[in-house]
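Each chain, letter by letter, is given below.
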Amino acid sequence: MDEEKRIGVFVCHCGTNIAGVINVKELVEYAKTLPHVAHAEDYTYMCSTPGQSMIKDRIKEFNLNGTVVAACSPRLHEPTFRKATEEGGVNSFLFTMSNIREQDTWVHMEEPEKAMEKAKDLVRMEVARASKLEPLTPKTVPVEKAALVIGAGIAGIQASLELADAGIKTYLVEKEPSIGGMMSRLDKTFPTLDCSQCILTPKMVDVERNPNIELMTYSEVEGISGYIGNFDVTIRKKSRYVYEDKCNGCGKCQEVCPVSRPNEFDLGLQPRKAAYVPFPQAVPLKFTIDMDSCIKCDLCKGEEACGELEAIDFDKPDELITVKVGTIIVATGFDMYDVERKEEWGYKVFDNVVTGIEFERLIGASGPTGGKVIRPSDGKTPKTVGFVLCAGSRDQDEEDGAKPYCSRVCCMYSLKHAHQLIEKIPGVVPYLFYMDIRSFGKAYEEFYYRIQREGGKFIRGRVARITEDPVTKNLFVTAEDTLLGAPLEMELDMVVLANAVVPAESTQKIKSLLTLSNSPDGFLLEAHPKLNPMSTTTDGVFLAGMCQGPRDIPDVVAHAAAAAAAASIPIHRGSVTLEPIYAIVDPEHCGGCATCIGLCPYGATELKTVDDKLVASVNEAKCKGCGTCGSACPSGAIKMQHFTNEQIMSEIEAFAQGW
Amino acid sequence: MAEEFEPNILGILCNWCTYAGADLAGTSRMQYPPNVRVIRIMCTGRLDPAFVLKALSVGADGVLISGCHIGDCHYLAGNFKSRRRVALLRKLIEEYGYDRERLRMTFVSASEGALWAEVVQDMVNTIKKLGPNPLKQAGAAQLEGAVADDEF
């Protein structure tokens, strides 16, 4: 690089965000004194069209060959200014950004003089870096015309159908024997009271029929490698001990199976056999043998059962399948808060305290009672039912694992439960113990009024304690009515705890496979909370549904469709541009010591013979640019592009000029 | 000294976790001491021990390395490697006469803006107690001689 460096420094006011704390004019004058700076200027909003045009114009006017923008975080506007620099005719990697907003004026607004000093230091450090930057050319790679969707609840189902309808081959992986997820357990949906199964099962059947969807149930993602456009995915298809192509779903194996154990789908409220489908509308309607409970009596293989079909094989092994996809959607859903940890409510101690999702099964037509609501203790019809809202939500009690956030669905499903009770049991009185009723969605507030009119009793206050009459099994609920300002105790037949929505345990594995992050609430972190809630910081990986945070079904469906649209863009475009931030080896300096080989987490470094000499080399496609190899190379032969030793050292030297 | 000692601390942060966490502290307008100047690297695995030695040799009062929590590295295991390096470096700088507390590695995720503010506050408190970089105390002339020629 013999060409003289001519750097332009552009200081953004960001309205008053920056200019309200520090003197931007002074910063511009300071920048002009720095080595290699050929021009410096400020503007109210650098990211605006005139701001960007200014960069382009000044590059030409002052014959600049490097740019520094002092503004917000590079995590926000680096792409914007890279583009402006490129359009001005300078390689976009000759641009760098000085973060004087998020990491200066916003965090030191009470000490403006020191913020000013820091801004000068930060600009000086970036100018030093800019003087050492080298032009790089991004690589374009083709995108595999297939997508992977992990999780087949309503989010995964919706996303898969959208992708498949857009002509994309979609692999849908579900760990349970059937698709449908949590929604398939619900009886009705609020506030329209649509039957949940009736609106879900057509979509489930569509998934099975769609030629573009390859459905893999009872399967788990075991490994993911690669990058946007070229992910290699390993999927373990757990053995059902039943050949799916031979099983016709007749259910004779289930009839003869002598084993009885609680059905997980019904939260253990009714039994299933060791040979089972979780629920009658399961998709695919293929039986599974639960080997943990099977006693290998062979009855299911007998003539009066599977017999000639020969679909059952106790020795059938798991299968490992590898697929190649361009983009991935994570739709791993949620778990329910373990409300047993709230000892004061006596869940699992008192028979007549149940959770919201158990109540769904109790009131559901396909549930253990065929939709007849009974008290678990004695099978009698309850006449008074309490609903404890925010059971584990909006609760600061970390010791109990309770969550500070609002779970967004419990108010509405409790209102729905109250309505269903009133509809089914004449004279029943539902009591809803609430903090605030959050009925924010379309037609939700109207539904709330409707339940008030129908006779729901609303008590504003948290339930402090539930005790039980050991003889009648009736429950005594102690609470405070905060509107009356008076304590209250009442005897109820039954209590439903509207327990919180919590991050799914199973998401953790996917999170580490894809190196995703989570937000403080434990749900997966989106690329931007407002403008990009369906993307992640890992390119080519998107989020759909509750794995990103609590939301109701309409929001899940919209989120899933958005994720599908976003995931289809690189596939339809056919190629993606990769950042040229990868390591390169200088074979002349490499001593072939192989230190870098063991360090690379992606196996991108390998030893090769060049001119009769054993040297390391980096596979550009595999390298993700962490730079770990470069920092360990004893001979300094590995250069981490865009983060070279020279560039970082120049920043450190510039830092030292601050005193 | 009439003025209170204000440490000059170099922060070397990974792009995915702590740099994002520091941005979040900004978006949330959390106020913390203005003593840290940040260099962004993609992963703490990029931390060349020479960066730390260089920073101390040119007079930094402290060096703060921060990345993703163990197990959460965007590049799988870069933070493990850098944690090992920092552990050794802390011993090494002691040999050079620096208190090991002048070098610290922390783990701050993208969602822990408040933690970043705490980490900075704590580091600044520590360095204020230790006083300026001994090279600075020894005087500029010696500092000049102590800085190795740039071989990088």
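Residues numbered from 1 in each chain as written. Chains lettered and ligands numbered in written order. Predicted model: local features only at pLDDT ≥ 70, side-chain atom pairs only at ≥ 80, totals over all residues. Heavy atoms only, no water.

Enquirer: Mind showing me how you'd approach the overall build of chain B here?
Expert: Helix and strand content of chain B: six helices and four strands. Of the regular secondary structure in chain B, the N- to C-terminal order runs β-α-β-α-β-α-β-α-α-α. Across the 152 residues in chain B, those meeting the buried criterion constitute 61%. Across chain B, every contact between residues at least 6 apart in sequence was considered, and the portion connecting residues at least 24 apart equals 78%. Within the structure as shown, chain B displays about 6,000 Å² of accessible surface, and the carbon and sulfur contribution to it stands at 53%. (Helix = DSSP H or I, 4+ residues; strand = E, 2+ residues; numbered from the N terminus. Buried < 20%, exposed > 50% of the residue type's maximum accessible area, 1.4 Å probe, protein only. Contact = heavy atoms within 4.5 Å. Areas by Shrake-Rupley, 256 points an atom, 1.4 Å probe, with all protein chains shown as cover.)

Enquirer: I keep staring at the overall build of chain A and nothing clicks. Help me out?
Expert: Tallying secondary structure elements over chain A gives 16 helices and 34 strands in all. Dimensions of chain A, computed from the C-alpha atoms along their principal axes, are close to 90 × 70 × 40 Å. Relative to its full complement of 659 residues, chain A shows a buried share of 57%. At a minimum sequence separation of 6, the contacts of chain A that also span at least 24 residues come to 69%. With 71 positive and 92 negative side-chain charges, chain A shows a separation of 3 Å between the mean positions of the two kinds. (Lys, Arg positive; Asp, Glu negative; His and termini not counted. Charge placed at Lys NZ, Arg CZ, Asp CG, Glu CD.)

Enquirer: Explain the nonpolar core to me, please; I cannot follow it from the model alone.
Expert: In terms of nonpolar packing, the biggest core is built from 103 residues, with I329, F359, L415, F433, I466 and L497 of chain A touching the most fellow members. Ignoring anything within four residues of it in the chain, the contact list for F359 of chain A reads V354, V373, F387, H417, L421, M494 and V496 of chain A. Among the nonpolar cores identified, the runner-up in size contains 54 residues, and I652 of chain A together with V86, Y98 and L135 of chain B belong to it. (Core = buried A, V, L, I, M, F, W, Y, C linked by side-chain atoms within 4.5 Å.)

Enquirer: Is there a simple way to explain the domain arrangement of chain A in this structure?
Expert: Accessible area lost when the parts come together is the quantity often used to give the size of an interface. Residues and elements named next belong to chain A. As far as domains go, chain A holds domain 1 (7-136), domain 2 (146-238 + 319-333 + 504-575), domain 3 (252-309), domain 4 (338-502) and domain 5 (583-641). Spacing between the C-alpha centres of domain 2 and domain 3 amounts to 28 Å. Buried area between domain 2 and domain 3, summed over both chains or domains, comes out near 1,000 Å², and the portion from carbon and sulfur atoms is 63%. Area buried by domain 2 at its contact with domain 3 is led by P177, S178 and R185, which between them contribute 45% of it. Our enumeration of links across domain 2 and domain 3 arrives at zero salt bridges. Taken together, the connections running from domain 2 to domain 3 amount to four residue pairs in polar contact (both at pLDDT 80 or more). Here the element with the most residues in the side of domain 2 that touches domain 3 is helix α7 (residues 196-209); it accounts for five residues. A breakdown of the residues in the side of domain 2 that touches domain 3 according to their chemical character gives six nonpolar, five polar and two charged. (Domains from an automatic or database assignment. Buried area = accessible area lost by both parts, 1.4 Å probe. Salt bridge = Lys/Arg side-chain N within 4 Å of Asp/Glu carboxyl O. Polar contact = N/O pair within 3.5 Å; in protein donor to acceptor, adjacent residues only side chain to side chain. Nonpolar A, V, L, I, M, F, W, Y, C, P; charged D, E, K, R; others polar.)

Enquirer: Mind showing me how you'd approach the side chain of T170 of chain A here?
Expert: Residue and element names in this part refer to chain A. Within the secondary structure, T170 sits in strand β7 (residues 169-173). Using a relative accessible area of 0% as the deciding quantity, one classes T170 as buried. Among the polar contacts listed, one links the side chain of T170 to the backbone oxygen of I168, at a separation of 3.0 Å. Excluding anything up to four places from it in sequence, T170 contacts A147, V149, S160, L163, A164, N212, I213 and E214.

Enquirer: Just checking my understanding: could you explain the sheet that holds strand β1 (residues 7-12) of chain A for this structure?
Expert: Two strands in a sheet stick together by hydrogen bonds in their backbones, pointing the same way (parallel) or opposite ways (antiparallel). Residue and element names in this part refer to chain A. The sheet built from four strands is open, its strands ordered β2-β1-β3-β4 with parallel pairing. Looking along the sheet, the strands with just one partner apiece sit at the ends: β2 (37-43) and β4 (95-99). Taking the axes of each pair of neighbouring strands and ignoring which way they run, one obtains an average angle of 15° across the sheet. Across the sheet, helix α1 (residues 24-32) lies against β1 and β2, angled at about 170° from β2, the strand it touches most. Here helix α3 (residues 74-87) sits on the sheet in contact with β3 (66-71) and β4, set at roughly 145° to β4. (Pairing = 2+ DSSP bridges. Axes fitted to C-alpha atoms, helices over the stretch in contact; angles between N-to-C directions.)

Enquirer: Would you explain a negative patch on the surface in this entry?
Expert: There is a patch of like negative charges on the surface, built from E303, E304, E308 and E310 of chain A. Turning to its location among the elements, E308 of chain A is positioned in the loop between β16 (288-289) and β17 (319-325). (Patch = residues over 30% accessible without salt bridge, like charges linked within 9 Å, V, L, I, M, F, W, Y side chains within 5 Å.)

Enquirer: Looking at this structure, I do not really get the packing of aromatic side chains. What am I missing?
Expert: In this description, an aromatic ring pair is defined by two values, namely the gap between the centres and the angle between the planes. All names here are of chain A. Here the structure, examined in full by the defined rule, presents 11 aromatic pairs over all chains. Ring geometry for F265 against F279: centres 4.3 Å apart, planes inclined by 20°, an arrangement best described as stacked. Of this pair, F265 sits in the loop between β13 (261-262) and β14 (271-272) while F279 is found in the loop between β15 (275-276) and β16, placing the two residues 14 residues apart along the sequence. Residues Y405 and F523 carry aromatic rings whose centres are separated by 5.6 Å and whose planes lie at 65° to one another, so their mutual orientation is edge-to-face. Pair noted here: Y405 is in the loop between β21 (384-391) and α10 (410-424) and F523 is in the loop between α12 (507-513) and β29 (541-543), with a separation of 118 residues, a long-range link. The pair formed by Y405 and F523 is uniform in burial state, with each residue classed as buried. Three or more aromatic residues joined by ring pairs make a cluster, and in this case those are Y434, Y448, Y449 and F458. (Phe/Tyr/Trp six-rings, centres within 6.5 Å; stacked < 30°, edge-to-face > 60°.)

Enquirer: Whenever I open this one, the pattern of salt bridges confuses me. Can you help?
Expert: If the charged atoms of two oppositely charged side chains come close together, the side chains can form a pair. Tallied over the full model, the rule gives 55 salt bridges over all chains. Residue D298 of chain A pairs with K301 of chain A through a salt bridge whose shortest N-O separation is 3.7 Å. A salt bridge links R462 of chain A to D395 of chain A, with the nearest nitrogen and oxygen atoms 3.6 Å apart. Of this pair, R462 of chain A sits in the loop between β23 (457-460) and β24 (463-468) while D395 of chain A sits in the loop between β21 and α10; the two residues are 67 residues apart in sequence, bridging distant segments of the chain. For R462 of chain A, a relative accessible area of 33% puts it in the partly exposed group. One salt-bridge network, in which partners are shared between bridges, spans E111 and K114 of chain A together with E4, E6 and K128 of chain B.

Enquirer: Explanation requested: the interface of chain B and chain A in the structure shown.
Expert: Contacts between chain B and chain A engage 53 residues on the former and 53 residues on the latter. Taking both partners together, chain B and chain A bury about 4,800 Å²; carbon and sulfur atoms supply 59% of that area. Contact with chain A buries area across many residues of chain B, yet Q31, R37 and R46 of chain B alone supply 15% of it, more than any other trio. Where chain B packs against chain A, one counts five salt bridges. Elements that contribute at least two residues to the side of chain B that touches chain A include exactly β1 (9-14), α1 (18-27), β2 (36-41), α2 (49-57) and α3 (78-95) of chain B.

Enquirer: Hey, could you run me through the side chain of E360 of chain A in this one?
Expert: Residues and elements named next belong to chain A. Within the secondary structure layout, E360 lies in helix α9 (residues 356-363). Within the structure, E360 has its side chain in polar contact with the side chain of K416 (distance 2.6 Å). Residues contacting E360, with those up to four places away along its chain left out, are R185, L186, D187, K188, K416 and H417.

Enquirer: Honestly, α1 of chain B in this entry has me stumped. Any pointers?
Expert: Side chains of residues three or four places apart in an α-helix project in the same direction, reflecting 3.6 residues per turn. All names here are of chain B. Counting buried residues along α1, eight of its 10 residues qualify, which places the element largely inside the surrounding structure. Here α1 has its buried residues at T18, Y19, A20, G21, A22, D23, A25 and G26. Once α1 finishes, R29 follows within two positions and takes phi at roughly 55°, a positive value.

Enquirer: Please explain the environment of K403 of chain A as it appears in this structure.
Expert: Residue and element names in this part refer to chain A. One can find K403 in the loop between β21 and α10. Sequence separation between K403 and E214 is 189 residues, and the spatial gap between their C-alpha atoms is 37 Å. Not counting the four nearest positions on each side in its chain, K403 is found in contact with G392, S393, R394, D395, V502 and P503.

Enquirer: How should the pairing of strand β12 (residues 230-237) of chain A be read in this particular structure?
Expert: Two faces, one strand: in a regular strand the side chains alternate between the faces of the sheet. Residue and element names in this part refer to chain A. As judged from the eight bridges shared by strand β11 (residues 219-227) and β12, these two strands associate in the antiparallel manner. Within β12, the residue paired with S225 across the bridge is D232. Looking at chain direction, β12 and β17 are connected through seven bridges and run antiparallel. Paired with R236 across the two strands is L320, which belongs to β17.

Enquirer: Looking at this model, I keep getting lost on the sheet that holds strand β25 (residues 475-481) of chain A. Mind explaining?
Expert: All names here are of chain A. Strand order in the open sheet made by the three strands is β24-β25-β26, with antiparallel pairing throughout. Unpaired on one side and paired on the other, β24 and β26 (486-492) mark the two borders of the sheet. This sheet shows a mean twist of 20° between the axes of neighbouring strands, independent of strand direction.

Enquirer: Looking at this model, I keep getting lost on the state of the cysteines. Mind explaining?
Expert: In protein chemistry, a disulfide is the covalent bond that joins the sulfur atoms of two cysteines. A complete count under the given rule lists two disulfides over all chains for this structure. Shown here is the disulfide that connects C195 of chain A with C198 of chain A, its sulfur atoms set 2.3 Å apart. As the torsion about the S-S bond is roughly 80°, the C195 of chain A-C198 of chain A disulfide counts as right-handed. For C195 of chain A, a relative accessible area of 25% puts it in the partly exposed group. The partner cysteine of C17 of chain B in its disulfide is C68 of chain B, sulfur to sulfur 2.3 Å. Between C17 of chain B and C68 of chain B, the disulfide has an S-S torsion of 95° and is therefore right-handed. With a gap of 51 residues between them, C17 of chain B in the loop between β1 and α1 and C68 of chain B in the loop between β3 (62-67) and α3 connect regions that are remote in the sequence. The thiol sulfur of C294 of chain A is not disulfide-bonded, and the nearest other cysteine sulfur, from C300 of chain A, lies at 6.2 Å. C294 of chain A sits in the buried class, given a relative accessible area of 19%. Between C629 of chain A, a cysteine without a disulfide, and C623 of chain A, which holds the nearest cysteine sulfur, the sulfur-to-sulfur distance is 6.2 Å. For C629 of chain A, a relative accessible area of 10% gives the class buried. (Disulfide = S-S within 2.5 Å.)

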